[in-house]
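Single-letter residue listing:
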Amino acid sequence: MIRSALLWASTNPFTAGRLPRYGFVQRAVRRFMPGERLADAVPVAEELQADGFRLLMTELGENVDSVAAARAVADGYLTVAETVARRELDCEVSVKPTHLGLEQGLEVCVRHLTDIARSAPGIVWIDMEDSSCLESTLEVYEAVRSEVENVGLCLQAYLRRTPEDLDRLLPHTPHIRLVKGAYHEPSELAFEKKREVDAAYRKLASRMLRERRAGRMGRVCLGTHDDAMIQDAARVAGELGLPATDWEVAMLYGIRPEAQRSYRDRGVTVRILISYGAQWFPWYMRRLAERPANVGFVLRSMVRG
Ligand SMILES: Cc1cc2nc3c(=O)[nH]c(=O)nc-3n(C[C@H](O)[C@H](O)[C@H](O)COP(=O)(O)OP(=O)(O)OC[C@H]3O[C@@H](n4cnc5c(N)ncnc54)[C@H](O)[C@@H]3O)c2cc1C
């Protein structure tokens, strides 16, 4: 119930307009993002890289209301590409289709993504938003992939249709990031019980590793903080004889940092996703929904003042 309430608040115009103005909410969000500007994210990225991590960066935001606004977001990512190349960071970017103009037209989003991919040093990862964007996001991926090789896509294990989507993507030798899924979806589309989502995740991760072994997958990225998922994948990769360089784990900045270090120390490639940007509210609510105990942290920030 708390998860549903937090996901509802993430899209409600009243809460989205009010809550971000409160100092205690702004203080609490700092746990998950170093700051609102790219300049806040870069020094943290440099420190993490020096500590043996790889990086991913995203500017928070979604559902822009004009082509010009989407173009400004794309230009921001061109600046990121230039900055990470200059600072010699092993840092890729992860982008939301509706931030790059998906609602203004498929071709707008495709154009922006292709521009970013052409200047980015690594893979440009396409985030997966709620299921209303799924079909158009797959079409965007396919169109961009026909132009450039360095584009990857996030798939959500909680969606019942994801195994078929993976089949559809395999002819592209795709780079895929597998996550459990962060949105409120109807039960006819998505598994609701944790047990079912975890089982779907395990099956998909194992399939992706087998396809990688057979040369039908590009990068296999597991976007999860769940030890059970990671250990299961490590076991399958070991059985297949896949080298550690053939798959990686991606986690969010500020979430389970001790686990991030522990996997790194065991030779797993760990990529940390650092977020920045002024439009953090819906994203932050989704982080709270993933672990309602995080709400206690917000309340403590309120009490501490
Ligand atoms: C790199 C990356 C990219 C992502 N991209 C997308 C995307 O494009 N689309 C999408 O729908 N979702 C995305 N997600 C979010 C994802 O779908 C899940 O909602 C999120 O990762 C939580 O699920 P979990 O796999 O960590 O497992 P869970 O079972 O939720 O969590 C496992 C353990 O991790 C810890 N944990 C998890 N989340 C939190 C948190 N917020 N705060 C504190 N502790 C936590 C808890 O200890 C928990 O027991 C992304 C996640 C990552 C890591």
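Residue numbers here run from 1 along each chain, matching the order of that chain's written sequence. Predicted model: local features are reported for residues with pLDDT of at least 70 only, side-chain atom pairs are reported and counted for 80 or more only, and whole-chain, interface and lining totals are derived from all residues.

What follows is about the packing of helix H6 (residues 106-119) against helix H7 (residues 134-145). Here, axes are lines fitted to C-alpha atoms. For helices the fit covers the stretch in contact, and angles between N-to-C directions go from 0 to 180 degrees. Under the scheme used here, helices are H or I runs from DSSP no shorter than 4 residues and strands are E runs no shorter than 2 residues, and both carry numbers assigned from the N terminus. The contact between H6 and H7 brings their axes to 9 Å, and the two run at 45 degrees. The orientation of H6 with respect to H7, classified from their angle, is oblique. Of the two elements, H6 crosses H7, and the hand of that crossing is right-handed. Along its contact with H6, which presents Leu 106, Cys 109, Val 110, Leu 113, Thr 114 and Ala 117, the element H7 presents Ser 136, Glu 139, Val 140, Ala 143 and Val 144. Three classes are used: nonpolar for Ala, Val, Leu, Ile, Met, Phe, Trp, Tyr, Cys and Pro, charged for Asp, Glu, Lys and Arg, and polar for all others, with Gly counted as polar. Residue composition of the contact of H6 with H7, by class: eight nonpolar, two polar and one charged. Here is the rule for angles: anything less than 35 degrees is roughly parallel, anything more than 145 is roughly antiparallel, 65 through 115 is roughly perpendicular, and the remaining ranges are oblique. For a crossing to be left-handed, the near helix must be turned anticlockwise from the far one by less than a right angle; the clockwise case is right-handed. A pair of residues counts as a contact when their C-beta atoms, built from backbone coordinates, are separated by no more than 7 Å.

Turning our eyes to something else, we now look at the site of the ligand. To decide nearness, the C-beta atom of each residue is placed from the backbone, and the residue is near a molecule or strand if that atom lies within 6 Å of it. In the region of the ligand, 23 residues are neighbours, and Asp 127, Val 179, Gly 223, Thr 224 and His 225 sit closest. Those elements that provide at least two residues to the shell around the ligand are strand E4 (151-156), strand E7 (247-252) and helix H12 (281-290). At three residues, the largest contribution of residues to the shell around the ligand is made by E7. Taken together, the residues of the shell around the ligand break down into 10 nonpolar, six polar and seven charged.

In this section: the nonpolar core. The term nonpolar core refers to a set of buried Ala, Val, Leu, Ile, Met, Phe, Trp, Tyr and Cys residues connected through C-beta atoms within 7 Å. Residues with at least 20 other C-beta atoms within 10 Å of their own are called buried, those with 12 or fewer are called exposed, and the rest are partly exposed. The C-beta atoms themselves are positioned from the backbone. Of all hydrophobic cores here, the largest spans 89 residues; its most connected members are Leu 55, Val 93, Leu 113, Ile 116, Val 124 and Ile 272. The element contributing the most residues to this core is helix H5 (residues 67-86), with seven residues. With residues up to four places along the chain from it excluded, the contact list for Ile 272 reads Leu 48, Phe 53, Leu 55, Leu 56, Met 251, Tyr 253 and Gln 260.

Burial along strand E6 (residues 220-223) is two-sided: the face carrying Val 220 and Leu 222 and the face carrying Cys 221 and Gly 223 are both buried. DSSP-based pairing: two strands are paired if at least 2 bridges between them are found. Two elements, strand E5 (residues 175-179) and E6, share three bridges in a ladder whose sense is parallel. Within the sheet, the bridge partner assigned to Leu 178 lies in E6 and is Leu 222. Of the crossover connections in this fold, the one passing from E5 over helix H9 (residues 194-213) to the parallel E6 is right-handed. Across four bridges, E6 lies against E7 in parallel orientation. Of the residues in E7, the one forming a bridge with Gly 223 is Ala 250. Seen with its strands pointing away from the viewer, a crossover is right-handed when the path leading from the first strand over the helix to the second is clockwise. Where the polypeptide runs from E6 across helix H10 (residues 227-240) and back to E7, its parallel neighbour, the crossover connection is right-handed.

Before going further, it helps to spend a moment on the pairing of E4. Of all the six residues making up E4, six are buried; the element is thus mostly covered by neighbouring parts of the structure. The sheet contact formed by strand E3 (residues 124-126) and E4 spans three bridges and is parallel. Residue Val 124 lies in a different strand from E4, and its bridge partner there is Val 151. For the crossover from E3 across H7 to E4, the handedness is right-handed. With helix H8 (residues 162-169) bridging E4 and the parallel E5, this β-α-β connection has right-handed handedness.

So, about the sheet that holds strand E1 (residues 54-59). One closed barrel accounts for eight strands, arranged E1-E2-E3-E4-E5-E6-E7-E8; its pairing is parallel. Between one strand axis and the next, the sheet turns by 30 degrees as a mean value, whatever way the strands run. In terms of strand pairing, E7 meets strand E8 (residues 270-276) through four bridges, oriented parallel. Residue pairing in the sheet places Leu 252 in a bridge with Leu 273 of E8. Taken strand by strand, H7 contacts E3 and E4, and its axis lies near 160 degrees from that of E4.

With that out of the way, let us pick up the environment of Gln 279. If you trace the backbone, Gln 279 turns up in the loop between E8 and H12. Sequence separation between Gln 279 and Pro 20 is 259 residues; the distance between their C-alpha atoms is 9.2 Å. Discounting chain neighbours no more than four positions away, the residues touching Gln 279 are Leu 60 and Gly 61.

Limitation: the analysis is restricted to geometry and does not speak to function.
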